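What follows is the residue order along each chain.
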Amino acid sequence: MSLELFLLVAAALFCVGLFGALTQQSIVMLMMGLELMLGGVILGAATAWHYIAPAAAEGQVLIVLAVTAMALEMAIGFAVVTALFRSREIDMTDMAAELKE
Amino acid sequence: MDVAIFWAPAVLAVVSGAMVFRFDSMARATFSLLTSLLCVGGLVVLLGLDYLGIVIVLMMTIEMAIMAVFMVMYMMNPAGFMPMTMMHNKKGAAVVCVLLFLLLSAGILLAPWPARRGKAPADPTMELGMSLMGPQMLTMMTLGMALFATIVATVVLATRRGRYDRLGDDLRARRADDPVRGGVGR
């Protein structure tokens, strides 16, 4: 096992998540892609901490940040889906296109 | 043995991550994502961060359970077990992601990574706690405020009644029209 192997797994997770975030029409599925991307970031940060600077606690703090971002993303995402569903009865990104205007 | 302990969760994480967007039903996709994130937690434990790895495992288990509930609420078919395809621009996204992966891989394999500096503390959890309560206190406070703001924002977004419902169209009602009496000053 090496730093490169762990980082390659993290990169693969990030790219798979990005594919989901770019392709999914359902907002809930889109959020799943974001979760996978953050999973890749967490693994990358843990790898950097272990293989480059294990004495620095900042690497662990970065993971705490990413884990918190995951929780916040999900909470806000579901609240937005609830608000959208309540006002328009939609849960698809394509039907909410007017939000970008 | 160490190699097997790495490869099993690593391959499973990526494969089940990819299966999230291949499965025909959202319920299966949720459990596939859960598998992937549990493997990420396992790999974090393998890297020596036991506490954070277990936190990820616990958090993701609960998060995916909540996600399954939302699917039952919003999907066009109960529990999302029926076949479905809800994707757009598959080819373009695949090209972008493959190119990005190749770019990241090239960077990972060609970058002159620095040598390991310092030794891992005997108790990384203690180190994290001391850091968050000491030099990284500002980070902890920011996270706390962000979590609090999220609680307020989610309640505001998810609630049916807005300020116009409570105080009238011109927001000039002397008393809020709430279904339950109470609150500050009443």
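Coordinates for the structure precede this section.
Chemist: Outline the packing of helix H2 (residues 27-51) of chain A against helix H3 (residues 50-74) of chain B, supporting the account with residue identities and numerical values.
Modeler: Two elements in contact, H2(A) and H3(B), have axes whose closest approach is 12 Å; the angle formed by their N-to-C orientations is 170°. In this view, H2(A) runs roughly antiparallel relative to H3(B), as classed from their interaxial angle. Touching Val28(A), Met32(A), Glu35(A) and Ile42(A) of H2(A) are Ile56(B), Met60(B), Glu63(B), Met64(B), Met67(B) and Met71(B), all from H3(B). Residue classes in the contact of H2(A) with H3(B) are distributed as 8 nonpolar, no polar and 2 charged.

Chemist: Got a sec to walk through helix H4 (residues 90-110) of chain B? Specific residues and values, please.
Modeler: Between its terminal C-alpha atoms H4(B) stretches 30 Å, which fits the 30 Å expected from 21 residues at 1.5 Å a residue. Turning to H4(B), its buried residues number three or more, namely Ala93(B), Cys97(B), Ser105(B) and Ile108(B). One side of H4(B) carries all its buried residues, which in axial view fall inside an arc of 100°. What points out from H4(B), more than 90 degrees from its buried face, is the exposed set Lys91(B), Leu99(B), Leu102(B), Leu103(B) and Leu110(B). Buried residues along H4(B) sit in contact with helix H1 (3-23) of chain A.

Chemist: How would you explain the nonpolar core if you had to name every residue and give the values?
Modeler: Counting 67 residues, the largest nonpolar core has Ile42(A) and Met67(B) as its most contacted members. Mapped by element, the contributors of at least two residues to this core are H1, H2 and helix H3 (58-88) of chain A together with helix H1 (2-19), helix H2 (26-46), H3, H4 and helix H5 (124-132) of chain B. With 13 residues, H2(A) is the single largest residue contributor to this core. Excluding residues within four positions of it along the chain, Ile42(A) makes contact with Ile63(A), Ala66(A), Val67(A), Met70(A), Val40(B), Val44(B) and Ile56(B). Counting residues in each nonpolar core, the second largest holds 5 residues, with Leu3(A), Ala11(A), Ile52(A) and Ile108(B) among its members.

What counts, and at which threshold
- Residues numbered from 1 in each chain as written.
- Chains lettered and ligands numbered in written order.
- Predicted model: local features only at pLDDT ≥ 70, side-chain atom pairs only at ≥ 80, totals over all residues.
- Heavy atoms only, no water.
- Axes fitted to C-alpha atoms, helices over the stretch in contact; angles between N-to-C directions.
- Helix = DSSP H or I, 4+ residues; strand = E, 2+ residues; numbered from the N terminus.
- Parallel < 35°, antiparallel > 145°, perpendicular 65-115°, else oblique.
- Contact = heavy atoms within 4.5 Å.
- Nonpolar A, V, L, I, M, F, W, Y, C, P; charged D, E, K, R; others polar.
- Expected span 1.5 Å × (residues − 1).
- Buried < 20%, exposed > 50% of the residue type's maximum accessible area, 1.4 Å probe, protein only.
- Arc of directions from axis to C-beta.
- Core = buried A, V, L, I, M, F, W, Y, C linked by side-chain atoms within 4.5 Å.

Any functional reading would require information beyond the geometric quantities listed.
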